[in-house]
Amino acid sequence: MSEPVDRVLTTTRAARRRLDLGRPVPRELLLECLEVALQAPTGSNRQGWQFVLVSDPDRKRAVAEHYRRSWYAYAARPRPAYPEGDPRGARMDRVVRSARYLADHMAEAPWLVIPCLEGRLAAGASTAEQASFWGSILPAFWSFMLAARARGLGTAWTTLHLVYERDVAEILGIPYDRYTQAGLSPVAYLRGEPGAALRIPASQVAHWEKW
Ligand SMILES: Cc1cc2nc3c(=O)[nH]c(=O)nc-3n(C[C@H](O)[C@H](O)[C@H](O)COP(=O)(O)O)c2cc1C
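Procedures and definitions
Residues numbered from 1 in each chain as written. Predicted model: local features only at pLDDT ≥ 70, side-chain atom pairs only at ≥ 80, totals over all residues. Heavy atoms only, no water. Core = buried A, V, L, I, M, F, W, Y, C linked by side-chain atoms within 4.5 Å. Buried < 20%, exposed > 50% of the residue type's maximum accessible area, 1.4 Å probe, protein only. Helix = DSSP H or I, 4+ residues; strand = E, 2+ residues; numbered from the N terminus. Contact = heavy atoms within 4.5 Å. Near = heavy atom within 4 Å. Polar contact = N/O pair within 3.5 Å; in protein donor to acceptor, adjacent residues only side chain to side chain. Areas by Shrake-Rupley, 256 points an atom, 1.4 Å probe, with all protein chains shown as cover. 1 Å grid on protein atoms, 1.4 Å probe; cavity = no way out; pocket = protein on both sides within 12 Å on 5 of 7 lines; lining within 4 Å. Sits in = over half its atoms within 2 Å of the grid points. Nonpolar A, V, L, I, M, F, W, Y, C, P; charged D, E, K, R; others polar. Patch = residues over 30% accessible without salt bridge, like charges linked within 9 Å, V, L, I, M, F, W, Y side chains within 5 Å. Salt bridge = Lys/Arg side-chain N within 4 Å of Asp/Glu carboxyl O. Lys, Arg positive; Asp, Glu negative; His and termini not counted. Charge placed at Lys NZ, Arg CZ, Asp CG, Glu CD. Arc of directions from axis to C-beta. Points joined across faces, edges and corners; volume = space filled by probe spheres on them.

Caption draft 1: Here's a closer look at the nonpolar core. Counting 29 residues, the largest nonpolar core has Tyr67 and Leu172 as its most contacted members. Secondary-structure elements contributing two or more residues to this core are β2 (49-54), α3 (57-75), α4 (87-105), β3 (111-118), α7 (165-172) and β6 (185-190). At five residues, the largest contribution of residues to this core is made by α4. Other than its neighbours up to four places away in sequence, Tyr67 contacts Leu102, Ala103, Met106, Thr158, Leu160, His161 and Leu184. With 22 residues, the next largest nonpolar core counts Leu30, Val113, Ala140 and Phe144 among its residues.

Here is the structure:
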């Protein structure tokens, strides 16, 4: 393993219970992470991204309340079923408990970060259009999380507030007609040292030469 890059890549977990909610995170550290994130690729190098970083308690509460409502509605739906022995099934209860914790505590994170991309996909957008659109913001979001991890910070990729994207845009003054929100992550110092997760092995997902 090429240290320390692979270590960061393999231990950037969805941090929920490990978030140190009581410890402030300086703005400068977030800017550093953002500088790293902005090295990510975008289609035609458009860089149509904007990032909203929120620490104001009232705004965080308002955003988190939408996230929470959406999470509880999602959690009430049937869960995906995995075959016996599949590591995803074995972890499911733990993931749900951890996700519920985040749903209940999102507002307490020192910062909430929302990546946005200029434009909006038309209904019925082709696969190529979707890939180009999301591919121009999600790598930067992930890079932000990796840069955060490298600095002792924890993050968690979430999408459920997007059910209420327009309401959250209003709370934060995001111009909904011109910018699409791509996710939401809490940012806080990490407690403890996460390790690599059990994933499906590469041999089961690689198709050499032909599917
Ligand atoms: C597209 C996407 C959407 C996600 N949405 C949520 C979410 O709304 N809430 C949440 O708690 N976690 C969310 N997650 C985090 C996943 O649950 C997490 O990445 C997965 O369980 C693996 O976690 P690990 O890396 O800690 O093993 C999302 C992840 C991705 C990539």
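Caption draft 2: Up close: the site of the ligand. The full set of residues close to the ligand is Arg13, Ala14, Arg16, Tyr67, Arg91, Ala99, Trp157, Thr158, Thr159, Leu160, Ala197 and Arg199. Here Arg16 contributes a side-chain N or O atom positioned 2.9 Å from a nitrogen atom of the ligand. Contact with the protein chains covers 68% of the free accessible surface of the ligand, which is 630 Å². Judged by its atoms lying within 2 Å of the grid points, the ligand is housed in the largest pocket. Residue composition of the shell around the ligand, grouped by class: six nonpolar, two polar and four charged.

Caption draft 3: View of a positive patch on the surface. On the surface, Arg17, Arg94, Arg97 and Arg100 cluster together to form a positively charged patch. Along the polypeptide, Arg17 turns up in the loop between α1 (5-11) and β1 (19-20). Classification of Arg17 as partly exposed rests on a relative accessible area of 45%.

Caption draft 4: Examining the pattern of salt bridges more closely. In the structure shown here, the tally under the stated rule is seven salt bridges. A salt bridge links Arg7 to Glu193; the shortest N-O distance between them is 3.4 Å. With Arg7 in helix α1 and Glu193 in the segment after β6, the pair connects residues that are 186 residues apart, well separated along the chain. On the basis of relative accessible area, Arg7 is assigned to the partly exposed category, the value being 31%. The network of salt bridges with shared partners includes Arg7, Arg149 and Glu193.

Caption draft 5: α7, seen in detail. Those residues of α7 that fall on the buried side of the exposure criterion are Glu165, Val168, Ala169 and Leu172. For α7, the arc enclosing every buried residue in end-on projection is 105 degrees, short of the 170-degree limit, so these residues lie on one face. Across from the buried face of α7, at angles greater than 90 degrees, the exposed residues are Arg166 and Glu170. Close packing links the buried residues of α7 with β2, α3, β3 and β5 (179-181). Gly173, located one to two residues past α7, shows a positive phi value of around 70 degrees.

Caption draft 6: Focus on the layout of surface pockets. Quantified by volume, the largest pocket comes out at close to 1,400 Å³. Counting only elements with at least two residues in the lining of the largest pocket, the list comes to α3, α4 and α6 (138-150). Considered class by class, the residues forming the lining of the largest pocket number 24 nonpolar, six polar and 11 charged. When its volume is computed, the second largest pocket comes out at roughly 270 Å³. As for the second largest pocket, its lining consists of 14 residues, of which Arg46, Leu117, Glu118, Phe133 and Ser136 are closest to the centre. Within the residue set of the lining of the second largest pocket, elements represented by two or more residues are β3 and α5 (127-134). Element by element, the count of residues in the lining of the second largest pocket is highest for α5, at three residues. Looking at the lining of the second largest pocket, its residues break down into two nonpolar, eight polar and four charged.

Caption draft 7: Examining a nonpolar patch on the surface more closely. The grouping of Val5, Leu9, Trp142 and Trp157 at the surface amounts to a nonpolar patch, some 360 Å² of accessible area in total. Mapped onto the secondary structure, Trp157 falls in the loop between β4 (153-155) and α7.

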